[in-house]
Amino acid sequence: MVIDYVKISVKAGDGGNGAMSFRREKYVANGGPDGGDGGRGGNVYLKVDGNTSTLLDFKYKKKFKAEDGKKGEGARRTGKSGQDLYISVPKGTIVRDIDKEVVVADLSEDNQTFLIAKGGRGGRGNSRFATPTRQVPNFAEQGSKGAEKNLELELKMLADVGLLGFPNVGKSTIISTVSSAKPKIANYHFTTLEPALGVVKPKHGDPFVMADIPGIIEGASEGIGLGLTFLKHIERTRLLLHVIDITGSEGRNPVDDFYNINNELKKYSEKLFAKKQIVVANKMDSLADKSLLEDLEEVCKNKGLKLFKVSAATKEGLDELVEYLAEELIKIPKEDIVTIDEMYDIEEELDQNFYVEKVSEDYYTVTGAPIERLMSKVNIFDIESRQYMQRILNKMGVMDKLKDMGLKSGDVIDVLGYQMEYSE
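Residues numbered from 1 in each chain as written. Predicted model: local features only at pLDDT ≥ 70, side-chain atom pairs only at ≥ 80, totals over all residues. Heavy atoms only, no water.

Describing the side chain of aspartate 34
Okay, so step 1: Here aspartate 34 shows up in the loop between strand S1 (5-11) and strand S2 (44-48).
Okay, so step 2: The side chain of aspartate 34 sits in the buried core without any salt bridge; arginine 23 is the nearest counter-charge, 6.1 Å away.
Okay, so step 3: Within polar-contact distance, the side chain of aspartate 34 engages the backbone nitrogen of phenylalanine 22 at 3.3 Å.
Okay, so step 4: Within the local environment of aspartate 34, its side chain forms a polar contact with the backbone nitrogen of alanine 75, the two atoms lying 2.8 Å apart.
Okay, so step 5: Look past the residues within four positions of aspartate 34 in its chain and what remains in contact with it is Ser21, Phe22, Arg23, Glu73, Gly74, Ala75, Arg76, Asn126 and Ser127. (Helix = DSSP H or I, 4+ residues; strand = E, 2+ residues; numbered from the N terminus. Buried < 20%, exposed > 50% of the residue type's maximum accessible area, 1.4 Å probe, protein only. Lys, Arg positive; Asp, Glu negative; His and termini not counted. Salt bridge = Lys/Arg side-chain N within 4 Å of Asp/Glu carboxyl O. Polar contact = N/O pair within 3.5 Å; in protein donor to acceptor, adjacent residues only side chain to side chain. Contact = heavy atoms within 4.5 Å.)

Rendered as structure tokens:
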């Protein structure tokens, strides 16, 4: 079964909360603050695994979460950091951030690792908030949340040469003959239900990877048959080997086959259509009507395409074809087929916006993400903690905003449910 496109969600671990603790020491107010920081939340990584060739595992598990950091303890002990999570993916996986609609990674190297979601920072313990004027801080900081991502994983094959053509034209036989690949071979349509890779070792030149792309039919670019599933697999190939049954044994005309396949390529992708293409007239050992070959030769000549006449069954012409492919590949550089968003930030962007609303003549509300982060540190039952809150609200510009809206002595300010009376 080929699973080459999945959607998953990942979440990094949350940071542990800071501790509020006081040591027991004579002559030190309340024992002295000694609350430790919370531990960092675990990160989430995607890692290329050479033992994985499909995205099948993601069919059954689509949610992944790293371990949370542990909370801080007394005696200034920092909580344990959460364990990082490594998710194995096959080589050739493209990673997209669904929410931001950008490609964030192209995992095409052996053992390549990519940090996709960063763990939350551990909260500070109350010992961090001690100052000469605030010696007994009765509050600590909560850990921040780990990043969450909704991702698309798409697998695209990594091959130098892609074999394409209608079903049952001999592609599987060719790749099994010139490489160690062993695709299932039989005389019926769609024998190959998944792409097969084989390493070809020419007598001269460097080895290269050949991919047997399952048969493409008319309408493939619109998703008919297995079309869209496999057209995308040949996007990364540097050279296309267009295999044609020169005998017309399936009741089709070789020239019509040539045009129909290229029409589907062009509909799917102009870039794919523009790739260098070599035409292979296969089953020469069974050719009875030579006019079929002559017509195809005329088309290739007019289009400036190289035509090889071979027989995969008898191996006729295959050695020459392999040597030619090796020579041509030297001239064609490898290129990326996706554009990575270089500005992508794996960390969640912190919302810095606060909102002030005048509910009535003497009642105001203050809300927003930065206000929530502030209140997570505040112990409203402690006067020093409340003073700390008021200083931060001043620093953020909240009080200035309230005054601009008409705030006066005696008015009530509601900060996420905590109400306080303003006094000038």
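So, the packing of aromatic side chains
Okay, so step 1: Evaluated as defined, the whole model comprises 7 aromatic pairs.
Okay, so step 2: When the ring of phenylalanine 129 is compared with that of phenylalanine 139, the centres are 4.9 Å apart and the planes differ by 50°; the resulting orientation is tilted. Of this pair, phenylalanine 129 sits in the loop between strand S7 (113-117) and strand S8 (148-155) while phenylalanine 139 sits in the loop between S7 and S8, and the two are 10 residues apart along the sequence. Take phenylalanine 129 and phenylalanine 139: they sit in the same class, and that class is buried.
Okay, so step 3: Three or more aromatic residues joined by ring pairs make a cluster, and in this case those are Phe129, Phe139 and Tyr388. (Phe/Tyr/Trp six-rings, centres within 6.5 Å; stacked < 30°, edge-to-face > 60°.)

Quick word on helix H1 (residues 171-178)
Because each turn of an α-helix spans 3.6 residues, side chains separated by three or four positions in sequence point in the same direction.
Okay, so step 1: Among the 8 residues of H1, 6 are classified as buried, and the element is accordingly described as predominantly covered.
Okay, so step 2: All of the buried residues in H1 are Lys171, Ser172, Ile174, Ile175, Ser176 and Val178.

A short note on the environment of proline 90
Okay, so step 1: With respect to the helices, strands and loops of the structure, proline 90 is situated in the loop between strand S4 (85-89) and strand S5 (93-97).
Okay, so step 2: Along the primary structure proline 90 and threonine 54 are separated by 36 residues, whereas in three dimensions their C-alpha atoms are 6.1 Å apart.
Okay, so step 3: When near neighbours in sequence (up to four residues on either side) are disregarded, proline 90 contacts Val48, Asp49, Thr52, Ser53, Thr54, Leu55, Leu107 and Leu155.

Things to note about the confidence of the model for the protein chain
Okay, so step 1: For the protein chain, mean pLDDT is 83; residues scoring 70 or higher make up 85% of the total.
Okay, so step 2: Averaged pLDDT values over the elements of the protein chain bottom out at 49 in helix H2 (residues 227-231) and peak at 96 in strand S3 (residues 63-65).
Okay, so step 3: Confidence drops under a pLDDT of 50 for residues 185-193, and excluding neighbours within four residues, the segment shows 24 contacts in the predicted structure.
Okay, so step 4: Segment residues 217-228: pLDDT under 50, and 28 contacts once partners within four positions in sequence are set aside and those in other chains are kept. (pLDDT = per-residue confidence, 0-100.)

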